[in-house]
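# Tertiary structure, described
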Amino acid sequence: SVHRNPDPPPDHSTRLVVTGSAIHDIDAARWLIGDFESVSATGRPKTDADGIELLLIEGHHIDGGLSSIEVFVAAGYGYEVTAELVASGGTVTTLGGELAATKHGGMRAVSYPQIWLDRFRDAYIAELGAWVRSLDGAPFPGATVEDAYLAQVVAEAVLEALETGKRIAIAV
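Here is a short report on the structure shown in this document. Given the structure is predicted, the values throughout are model-derived calculations rather than measurements. (Residues numbered from 1 in each chain as written. Predicted model: local features only at pLDDT ≥ 70, side-chain atom pairs only at ≥ 80, totals over all residues. Heavy atoms only, no water.)

## Comments concerning the sheet that holds strand β1 (residues 2-4)
Reading across the sheet, the 6 strands line up as β5-β1-β4-β3-β2-β10 and stay open at both edges, with mixed pairing between neighbours. Because the sheet does not close on itself, it has two edges, and the strands there are β5 (80-82) and β10 (168-169). Pairing between β1 and β5: 3 bridges, direction antiparallel. By the bridge assignment for β5, His 3 is matched with Val 81. Most of the contacts of helix α3 (residues 145-164) go to strand β2 (residues 36-45), to which it runs at about 50°, and overall it touches β2, β3 (52-61) and β10. (Pairing = 2+ DSSP bridges. Helix = DSSP H or I, 4+ residues; strand = E, 2+ residues; numbered from the N terminus. Contact = heavy atoms within 4.5 Å. Axes fitted to C-alpha atoms, helices over the stretch in contact; angles between N-to-C directions.)

Given below as structure tokens:
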């Protein structure tokens, strides 16, 4: 997956890059590919602040799958999250954050949202509606507490991998 933000937040830190941004991609990789067996990670420090601005995570999954997660919090151009699932028979790719495209003079230009809420507003409204309906007994189709816990376990392993430079086994 690719996760890009236009600028790092004021409280930027390596921990925030992992637990505030990458954690969503970690959760998606687990949902698409299965539980993580181990992770390794590397990051590029931000030159004018503490923490990293570019994070690369390599995930090894229990069933043999691999995942690659890139988080870049200083992309400059806008907010973009995409994912691609590659299999022996083909690929499936999510569309980027384009909210509009302009075609003119043989060129195509797209605009990207500047904050994550613009990209995911409709999804958050639908999720909140499903949660409210679940209070009246309807089944809730979203993520569980276990999903959140397992994503956090992997995020902590990513932080350890960044610190040690080693591939870290996921222990749950």
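This is not the end of the story, as more comes after the structure.
## Things to note about helix α1 (residues 14-33)
Within α1, the axis deviates most sharply at Ala 22, by approximately 55°. Of all the residues in α1, the buried ones are Val 17, Val 18, Ser 21, Ala 22, Ile 23, Asp 25, Ile 26, Ala 29 and Arg 30. Against β1, β2, β3, β4 (66-72), β5 and α3 lie the buried residues of α1. After α1 finishes, the residue Gly 34 shows a positive phi value of roughly 120°. (Bend = angle between axes of the 7 residues up to and from the residue. Buried < 20%, exposed > 50% of the residue type's maximum accessible area, 1.4 Å probe, protein only.)

## Some thoughts on the nonpolar core
Grouped together as the largest cluster of nonpolar side chains are 25 residues, with contacts concentrated most on Ile 26, Val 39, Leu 55, Ile 57 and Val 158. Counting residues per element, this core draws most heavily on α3, which supplies 8 residues. Those residues in contact with Val 39, other than ones at most four positions away along the chain, are Ile 57, Glu 58, Gly 59, Val 154, Ala 157, Val 158, Ala 161, Lys 166, Arg 167, Ile 168 and Ile 170. (Core = buried A, V, L, I, M, F, W, Y, C linked by side-chain atoms within 4.5 Å.)

## Quick word on the pattern of salt bridges
Inspection of the entire model under this criterion finds 6 salt bridges. Ionic pairing is found between Arg 15 and Glu 156, a salt bridge with its closest N-O pair at 3.0 Å. Residue Arg 15 is found in helix α1, and its partner Glu 156 is found in helix α3; the two are separated by 141 residues along the sequence. The partly exposed category is assigned to Glu 156, whose relative accessible area is 33%. We note a salt bridge from Arg 44 to Glu 53, for which the minimum N-O separation is 2.5 Å. Among the residues examined, Glu 53 registers a relative accessible area of 12% and is labelled buried. (Salt bridge = Lys/Arg side-chain N within 4 Å of Asp/Glu carboxyl O.)

## Brief notes about the pairing of β4
Counting buried residues along β4, 5 of its 7 residues qualify, which places the element largely inside the surrounding structure. Summarising the sheet, β1 and β4 pair through 3 bridges and their orientation is parallel. Looking across to β4, one finds that Arg 4 is bridged to Phe 72. For β3 and β4, the ladder comprises 7 bridges, and the chain directions are antiparallel. Following the sheet pairing, Gly 59 is matched in β4 by Ser 67.

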